Every structure is written in structure tokens, then in C-alpha cells.
Amino acid sequence: MTLLQTGSLFTATLVGAIAAVVSILSGVAICDTLRHSAGPQTAREVVSWWPLLIYGPWMVASLSILRSALHQRRALHSWSIVLLFSTLATLLCVAQAPRTIAGGAASALPAVAALACFQQLVRQITLTRPPRQAAPRHRNPTASVPTPLRQTATTGRGASSVAPTYPASDSGAVHSSHSHGHGHRFGYGA
């Protein structure tokens, strides 16, 4: 490995570690706020698991995006889920915050920071892996059809079918000679 590749891999690993720490801290920071947003209408046993309803789909979609990034594929559906649940987390936190600009910004910061770090992690993965080169597609010329394919088209015509060694262009002559002897046209016998 060259020095450039080593530095790139080290940077991507560092970005991954920081993104993981920020995501965990974000979940811990808004966990109580999400529990409080469940309100009194939710059972007490469910309230303790309420943040999982936000960060569960977020984590599943995030892992799907990471897998797609490793395979260099797009994951638009997973990105939409991540954005949806990040927006829900942000709105629920802002609704519970004090009605000041600083309070709203502080409550929105954890979810936005986790989303930003995750997006940068995906960018590092796609930059670290070299792009796949699509294999060129070759088209077979349609004018030159192999002789065995032409012969299989003439088989199965009855007892007077052409032998496999004859080319397809001579099959009409052979059929016509057989057809005159039997009184049938094109070699179709009874």
C-alpha cells in the first residue's frame, strides 16, 4: 500500500469512529426527550422503549446505506427513511424544547449532527473504494448465424427431413426431390 492509500484508509476509519461516537451521543442526548414526547397516553412499559421507534428504523436504514455504499450502489429508499426519522427526531425534540432560538437549536443539534456525520461516513466509504468499471457489452453480428443453428430449424419435419450435414440453403432442393416422389409439397409426409 502506498502512503496515499494508507492515509486515505486511516482517515476513513477515523471518520467512521467519530460518526459512531456522535450517533451514540446523539441517541443518549435525545433519549429522555423522546420518552417525554410519548406523553401520558402511552403505557409505561412502552415509554422506556419509545426512542427505539425513532432510532431503530434509522439504524436499519443506515446499515442498508453502508452496505449499498460498499457495493457501490444507490440506496435512495434507505436515504429517505434516514431523512424521515431524522426529521421526526428533530421535530419531537424541538417541540419539547423551550421557546427560544438557543433552546430550539440545542434540541435539534443531536439529530442533525448524527445525520451529518453519517452522510460524511458514507462519502468516505465511496471515496475509499475505487469505482467499478462496467464490462463492455459485445453484440454478436446478426448476419452470421452459425450453421448448427440453421440446421436445427429444419429438423422435426417428418420422415423426409434434411440430414444434419446438409446446409440450410440446400434443404429446399432435397425436400423438393422427396416431395415429387411422394406427391407432397416440401417433404411433409403422412
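Residues numbered from 1 in each chain as written. Predicted model: local features only at pLDDT ≥ 70, side-chain atom pairs only at ≥ 80, totals over all residues. Heavy atoms only, no water.

Undergrad: I keep staring at the overall build of the protein and nothing clicks. Help me out?
TA: Check the secondary structure of the protein and you find seven helices and zero strands. Walking the protein from its N terminus toward its C terminus, one meets helices and strands in the order α-α-α-α-α-α-α. For the protein, the accessible surface area stands at approximately 13500 Å², while carbon and sulfur atoms represent 66% of it. (Helix = DSSP H or I, 4+ residues; strand = E, 2+ residues; numbered from the N terminus. Areas by Shrake-Rupley, 256 points an atom, 1.4 Å probe, with all protein chains shown as cover.)

Undergrad: It is not clear to me how a nonpolar patch on the surface should be interpreted in this structure. Could you clarify?
TA: A contiguous nonpolar surface patch, about 310 Å² in accessible area, is contributed by Phe 10, Leu 14 and Ile 18. Structurally, Phe 10 can be placed in helix 1 (residues 3–38). (Patch = residues over 30% accessible without salt bridge, like charges linked within 9 Å, V, L, I, M, F, W, Y side chains within 5 Å. Salt bridge = Lys/Arg side-chain N within 4 Å of Asp/Glu carboxyl O.)

Undergrad: Explanation requested: unusual backbone geometry in the structure shown.
TA: One can expect most non-glycine residues to show negative phi and most peptide bonds to be in trans. Residues other than glycine seldom take positive phi values, yet Gln 72 does so here, at roughly 55°. Here Gln 72 lies in the loop between helix 3 (50–70) and helix 4 (76–96).

Undergrad: Help me understand helix 3, please; the structure alone is not making it clear to me.
TA: Within an α-helix, residues lying three or four positions from one another point in the same direction, as the helix has 3.6 residues per turn. Counted at 1.5 Å a residue, the expected span for helix 3 with its 21 residues is 30 Å, and the 31 Å between its end C-alpha atoms agrees. Within helix 3, the axis deviates most sharply at Gly 56, by approximately 25°, and proline Pro 57 lies no more than four positions further along. Within the sequence span of helix 3, burial applies to Pro 51, Ile 54, Tyr 55, Gly 56, Trp 58, Ala 61, Ser 62, Ile 65, Leu 66, Ser 68 and Ala 69. Just downstream of helix 3 lies Gln 72, where phi reads positive at about 55°. (Expected span 1.5 Å × (residues − 1). Bend = angle between axes of the 7 residues up to and from the residue. Buried < 20%, exposed > 50% of the residue type's maximum accessible area, 1.4 Å probe, protein only.)

Undergrad: How should I be thinking about the nonpolar core in this particular structure?
TA: Counting residues in hydrophobic clusters, the biggest one holds 22 residues, and the most contacted among them are Tyr 55 and Trp 58. Contributing elements (two or more residues each) for this core: helix 1, helix 3, helix 4 and helix 5 (101–128). Residues contacting Trp 58, with those up to four places away along its chain left out, are Ser 23, Val 82, Phe 85, Ser 86, Ala 114, Leu 115 and Phe 118. (Core = buried A, V, L, I, M, F, W, Y, C linked by side-chain atoms within 4.5 Å. Contact = heavy atoms within 4.5 Å.)

Undergrad: What exactly am I supposed to notice about the side chain of Ser 62 here?
TA: Structurally, Ser 62 is set in helix 3. Overall, Ser 62 belongs to the buried group, its relative accessible area being 4%. Setting aside its immediate chain neighbours within four residues, Ser 62 contacts Val 82 and Phe 118.

Undergrad: Would you explain the packing of helix 1 against helix 3 in this entry?
TA: Two numbers describe a pair of packed helices, the interaxial angle and the distance between the axes. Put simply, helix 1 and helix 3 touch, their axes get as near as 7 Å, and they point 135° apart. Classified by the angle their axes make, helix 1 and helix 3 are oblique. Crossing of helix 1 against helix 3: the hand is right-handed. For the pair formed by helix 1 and helix 3, the contact residues are Ser 23, Ser 26, Gly 27, Ile 30, Cys 31, Leu 34, Arg 35, Ser 37 and Ala 38 on the first element and Trp 50, Pro 51, Ile 54, Tyr 55 and Trp 58 on the second. Residues of the contact of helix 1 with helix 3, tallied by class, amount to nine nonpolar, four polar and one charged. (Axes fitted to C-alpha atoms, helices over the stretch in contact; angles between N-to-C directions. Parallel < 35°, antiparallel > 145°, perpendicular 65-115°, else oblique. Left-handed = near helix turned anticlockwise from the far one by under 90°. Nonpolar A, V, L, I, M, F, W, Y, C, P; charged D, E, K, R; others polar.)

Undergrad: Got a minute to help me understand the confidence of the model for the protein in this structure?
TA: Predicted coordinates in areas of low pLDDT are best not read in detail. Per-residue confidence for the protein gives a mean pLDDT of 75; residues scoring 70 or more make up 66%. The low-confidence segment residues 169–190 (pLDDT under 50) makes 19 contacts with residues lying over four places distant or belonging to another chain. (pLDDT = per-residue confidence, 0-100.)

Undergrad: Would you explain the packing of aromatic side chains in this entry?
TA: If you walk through the whole model with that rule in mind, you get three aromatic pairs. Both rings, one in Tyr 55 and one in Trp 58, keep their centres 5.8 Å apart while their planes meet at 65°; by these two values the pair is edge-to-face. Placement of the pair is Tyr 55 and Trp 58 together in helix 3, with a separation of three residues, close to one helical turn. By relative accessible area, which is 4% here, Trp 58 ends up buried. Through pairs of rings, three or more aromatic residues link up here, namely Tyr 55, Trp 58, Trp 79 and Phe 118. (Phe/Tyr/Trp six-rings, centres within 6.5 Å; stacked < 30°, edge-to-face > 60°.)

Undergrad: What is the right way to read the environment of Ala 61 from this model?
TA: Along the chain, the position of Ala 61 falls in helix 3. The class of Ala 61 is buried, set by a relative accessible area of 4%. In the structure, Ala 61 is positioned 24 residues away from Phe 85 in sequence and 9.8 Å away in space, judged by C-alpha atoms. In contact with Ala 61, other than residues within four places in its own chain, are Ser 78, Ile 81 and Val 82.

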